[in-house]
Protein chains: 2
Amino acid sequence: MSLLVSGTVALDSIKTPSGVRPRLLGGSASHFCMGASLFTDVALSGVIGKDFPKKYLKLFESKNINLDSLIRKDGKTFHWNGEYKKGDLNNALTKATELGVLEGFVPNIAEAHRRIPNVFLANDDPEIQKKVLESMKQPRFVGLDSMNLWIEHKKKSLVNLIKRVDLFVANDAEARALSKEDNLIKAAKALRKLGPKMIVIKKGEHGVLFYSDSLMFSYSAYPVEEVVDPTGAGDTFASGLMGYLSRTKTFNHKALKQALCYATVLASFNVEGFGVARISKVTMAEIDKRKKKFIKFISYQ
Amino acid sequence: MSLLVSGTVALDSIKTPSGVRPRLLGGSASHFCMGASLFTDVALSGVIGKDFPKKYLKLFESKNINLDSLIRKDGKTFHWNGEYKKGDLNNALTKATELGVLEGFVPNIAEAHRRIPNVFLANDDPEIQKKVLESMKQPRFVGLDSMNLWIEHKKKSLVNLIKRVDLFVANDAEARALSKEDNLIKAAKALRKLGPKMIVIKKGEHGVLFYSDSLMFSYSAYPVEEVVDPTGAGDTFASGLMGYLSRTKTFNHKALKQALCYATVLASFNVEGFGVARISKVTMAEIDKRKKKFIKFISYQ
């Protein structure tokens, strides 16, 4: 196993201009797993309830995702009910959240998973993320994602956790909120000062900014015409980045640039279907074909 | 002379988080001239009043900008009073506009200017833009810019004019408003259907999207940390594009990609000073140096 992800495993009821879907497989860790498993062996840490559909467990297993650290508890699986309005697909409107088994959840990483070298702490309560990180034995590379909720309500925990990771991934609004800088270059530099060697700022339809002491670059997003459901685009993006780096075990400039190409392409597939419908069916051949198109799309030559 | 620009010549009183400046040289054509004159000989069509400062005329002349089509009228020069708030530098708030000599202005292109092969109709009333275009004798390449005001109030005139140009330049909000498409790729395609072979959508700090039947590409913006004054960034952007194409007289894919690199770099200099303060002093050596940095910044290799 080369990559462990911890985060939420959810049932998502989603409304977008393209339609309505109840109780889809969702959550930060689920979306991440779907993308990362295209590149490497993945272990999943999280929690599900009694109502979690068997078909989704089978889907995880069909992707060789190891579920030994996925806790099954009495109660209901975390449920998110959200909507995206026409013309504002970048903003999810939360209509309801039912925490269910997520309430009071304490992660429990399987012994066999504790020496996995690459770790991604997908969006979750920073207290849970911290516990996962502390279960791991000398991880080589740790990535972290968060969200505005935690930046607002658990900033101290989050800032303490950020110090201990190699890579911090945030969307533009989160980067601005946490750094208190409007300018994204300044925001990236301020986040770098919090600890992580690498900062990735996701700008949705506008692409991505990468920042480290020795490398700064930016890509546009892949030009998707029909965004069906943006849920999990950020998690899928991170999965391409972490999945590729975990597979190559290389962190030089070339690898980072390649990794963010894959991240962009994976996210573009994710938004073309509801939930994980599209990303769970995509092949590496389709990904590499789209990556070629993407490189042409951003190339100055 | 290889490039004629028509548009507004204004005095701008500007407030940004970096300071306040009264009666700066402004207007779409002025900003355009400053950038384009770095690449080629430029003729300027527009109107000024008796109050137009001599120092600004001298500045134009120092850039070899031919003023034979610049009309001097009794009355006051067009005056714009605007502000940009901290954290929202993409949006200009208009506090006052005094049309002055712009009211009822009829352009009058000098006889010697009517055979200039490249024409840029910088942002202005589409009726004025149309008159300028009709004065020109078989121009080889015509570019057009506009703004939300005209999309709202003179849409018919604008759409009729768009049919007759080769290149249409718009910012993302304008592209969405005119095409009635939220998705920018769809917006670009819809604008293409209005007539122009080439569509350029400027996304401010997020870069640019180019669209034609045979080529689509996108760049991030140059990473500027200190935006002093965004006024005229779009005009300066267009000036790099038109200036480079007018100089090379080539419109193949390579030239278009180069032109949009220059456009990006010129706009990045423009926003680093109030009004034309920075762009009027920049050298081609500085531009080429920054262009190299920019190409590295957007490169996937």
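Rules used in this analysis
Residues numbered from 1 in each chain as written. Chains lettered and ligands numbered in written order. Predicted model: local features only at pLDDT ≥ 70, side-chain atom pairs only at ≥ 80, totals over all residues. Helix = DSSP H or I, 4+ residues; strand = E, 2+ residues; numbered from the N terminus. Buried ≥ 20, exposed ≤ 12 C-beta atoms within 10 Å, placed from the backbone. Contact = placed C-beta atoms within 7 Å. Core = buried A, V, L, I, M, F, W, Y, C linked by C-beta atoms within 7 Å. Least-squares fit on C-alpha atoms with pLDDT ≥ 70 in both. Pairing = 2+ DSSP bridges. Axes fitted to C-alpha atoms, helices over the stretch in contact; angles between N-to-C directions. Expected span 1.5 Å × (residues − 1). pLDDT = per-residue confidence, 0-100. Parallel < 35°, antiparallel > 145°, perpendicular 65-115°, else oblique. Left-handed = near helix turned anticlockwise from the far one by under 90°. Nonpolar A, V, L, I, M, F, W, Y, C, P; charged D, E, K, R; others polar.

*Asks:* I'd like a description of the overall build of chain A, backed by residues and values.
*Replies:* Within chain A, the regular secondary structure consists of 10 helices and 14 strands. Projected onto the principal axes, the alpha-carbon positions of chain A cover approximately 55 × 40 × 35 Å. For chain A, buried positions account for 53% of its 301 residues. When contacts within chain A are restricted to residue pairs at least 6 apart in sequence, those whose partners lie at least 24 apart make up 66%.

*Asks:* Help me get a handle on the interface of chain A and chain B, residues and values and all.
*Replies:* Tallying the contact residues gives 23 residues for chain A and 23 residues for chain B. Sorting the residues of the side of chain A that touches chain B by element identifies α7 (184-193), β14 (216-219), α9 (253-270) and α10 (284-298) of chain A as the ones contributing at least two each. Per-element accounting of the side of chain A that touches chain B gives the leading share, 4 residues, to β14(A).

*Asks:* Describe the nonpolar core, listing the residues and the values that go with them.
*Replies:* Judged by nonpolar contacts, the single largest core of 196 residues is most densely connected at Val5(A) and Val5(B). For Val5(A), the residues in contact, after removing those within four places along its chain, are Ala29(A), Phe32(A), Cys33(A), Ala36(A), Val42(A), Leu44(A), Ser45(A), Phe120(A) and Ala122(A).

*Asks:* I'd love a proper account of the relation of the copies chain A and chain B, names of residues and values included.
*Replies:* Here the second copy of the chain follows from the first by a rotation about an axis and a shift along it. Taken as rigid bodies, chain A and chain B are interconverted by a rotation of 180 degrees and an axial shift of 0.0 Å, the fit giving an RMSD of 0.0 Å. In the structure described here, the two chain copies are related by an operation that fits a two-fold rotation axis.

*Asks:* I'd like a rundown of the pairing of strand β4 (residues 42-48) of chain B, residues and numbers included.
*Replies:* Residue and element names in this part refer to chain B. In terms of burial, β4 is largely enclosed, as 7 of its 7 residues are buried. Neither face of β4 is exposed, since Val 42, Leu 44, Gly 46 and Ile 48 on one face and Ala 43, Ser 45 and Val 47 on the opposite face are all buried. As defined by bridge partners, strand β1 (residues 3-6) adjoins β4 across 4 bridges and the pair is classed as parallel. Residue pairing across strands places Leu 3 opposite Val 42, the latter belonging to β4.

*Asks:* Let's hear about helix α6 (residues 172-179) of chain B: which residues, and what values?
*Replies:* Three- or four-residue spacings in an α-helix give side chains the same orientation, since the helix completes a turn every 3.6 residues. Residues and elements named next belong to chain B. The set of residues buried in α6 consists of Glu 174, Ala 175, Arg 176, Leu 178 and Ser 179. Buried residues in α6 make contact with α4 (148-153), β11 (167-171), α7 (184-193) and β12 (198-202). Just downstream of α6, Lys 180 is the residue with a positive phi angle, here 60 degrees.

*Asks:* An account of the sheet that holds strand β3 (residues 19-26) of chain A is requested, with residue identities and associated values reported.
*Replies:* Residue and element names in this part refer to chain A. Taking strand neighbours across the sheet as the criterion, the 4 strands line up as β3-β2-β7-β8 in an open arrangement whose pairing is mixed. In this open sheet, the two strands that pair with only one neighbour each are β3 and β8 (93-98). The mean angle between the axes of side-by-side strands here comes to 15 degrees, regardless of whether they run parallel or antiparallel. Summarising the sheet, strand β2 (residues 10-16) and strand β7 (residues 78-83) pair through 6 bridges and their orientation is parallel. In the sheet register, Lys 15 faces β7, and the bridge partner there is Glu 83.

*Asks:* Account for helix α8 (residues 233-248) of chain A, with residues named and values stated.
*Replies:* Residues and elements named next belong to chain A. Over its 16 residues, α8 extends 23 Å from the first C-alpha to the last, a length consistent with the 22 Å expected when each residue adds 1.5 Å. Among the 16 residues in α8, 14 count as buried, and that is most of the element. Positive phi shows up at Lys 249, right after α8, with a value of about 60 degrees.

*Asks:* Residue-level account of the confidence of the model for chain A, with values.
*Replies:* Taken residue by residue, chain A gives an average pLDDT of 97. The fraction at 70 or more is 100%. With pTM at 0.94, the complex prediction returns an ipTM value of 0.92.

*Asks:* Describe in detail unusual backbone geometry, supporting the description with residues and values.
*Replies:* Leaving glycine out, the prevailing phi sign among residues is negative, and the prevailing peptide bond configuration is trans. With phi around 60 degrees, Lys249(A) is a residue other than glycine that occupies positive phi space. Mapped onto the elements, Lys249(A) comes out in the loop between α8 and α9. For Lys249(A), a count of 13 C-beta atoms within 10 Å corresponds to the partly exposed category. With a phi angle near 50 degrees, Arg23(B) is a residue other than glycine that sits in the positive phi range.

*Asks:* Quick rundown of the sheet that holds strand β2 (residues 10-16) of chain B? Include the residues and the values.
*Replies:* Residues and elements named next belong to chain B. The strand order β3-β2-β7-β8 describes an open sheet built from 4 strands, whose pairing is mixed. The open sheet terminates on both sides in strands that have one partner only, identified here as β3 (19-26) and β8 (93-98). Adjacent strand axes in the sheet meet at a mean angle of 15 degrees when their direction is disregarded. Two strands pair when backbone bridges link them, and β2 and β3 are joined in this way by 6 bridges, in the antiparallel orientation. Residue pairing across strands places Leu 11 opposite Leu 25, the latter belonging to β3.

*Asks:* How would you explain the packing of helix α3 (residues 126-135) of chain B against helix α5 (residues 155-162) of chain B if you had to name every residue and give the values?
*Replies:* Residue and element names in this part refer to chain B. Between α3 and α5, the least distance of the axes is 9 Å, while the angle of their chain directions is 30 degrees. The angle between α3 and α5 places the two elements in the roughly parallel class. Taken as a pair, α3 and α5 cross one another with a handedness that is left-handed. Across the interface between the two elements, Pro 126, Glu 127, Gln 129 and Lys 130 from α3 touch Ser 157, Leu 158 and Leu 161 from α5. In terms of residue class, the contact of α3 with α5 is built from 3 nonpolar, 2 polar and 2 charged.

*Asks:* So, the packing of helix α6 (residues 172-179) of chain A against α7(A): which residues are in play, and what are the values?
*Replies:* Residue and element names in this part refer to chain A. Close contact between α6 and α7 brings their axes to 9 Å; oriented N to C, the two are set at 60 degrees. If you check the angle between α6 and α7, you find them oblique. Crossing of α6 against α7: the hand is left-handed. Residues Asp 172, Ala 175, Arg 176, Leu 178 and Ser 179 of α6 touch α7, and the partners they reach there are Leu 184, Ala 187, Ala 188, Ala 190 and Leu 191. Among the residues making up the contact of α6 with α7, the classes are represented as 7 nonpolar, 1 polar and 2 charged.

*Asks:* Residues and numbers for the pairing of β8(A), please.
*Replies:* For a regular strand, the rule is simple: side chains alternate between the two faces of the sheet. All names here are of chain A. Sparse coverage of β8 is indicated by the burial of 0 of its 6 residues. Both β7 and β8 contribute to a ladder of 5 bridges, which runs antiparallel. Bridge pairing in β8 places His 79 opposite Glu 98.

*Asks:* Quick rundown of the environment of Asn252(A)? Include the residues and the values.
*Replies:* Within the element layout of this structure, Asn252(A) appears in the loop between α8 and α9. For the pair Asn252(A) and Leu215(A), spaced 37 residues apart in sequence, the C-alpha separation works out to 9.8 Å.

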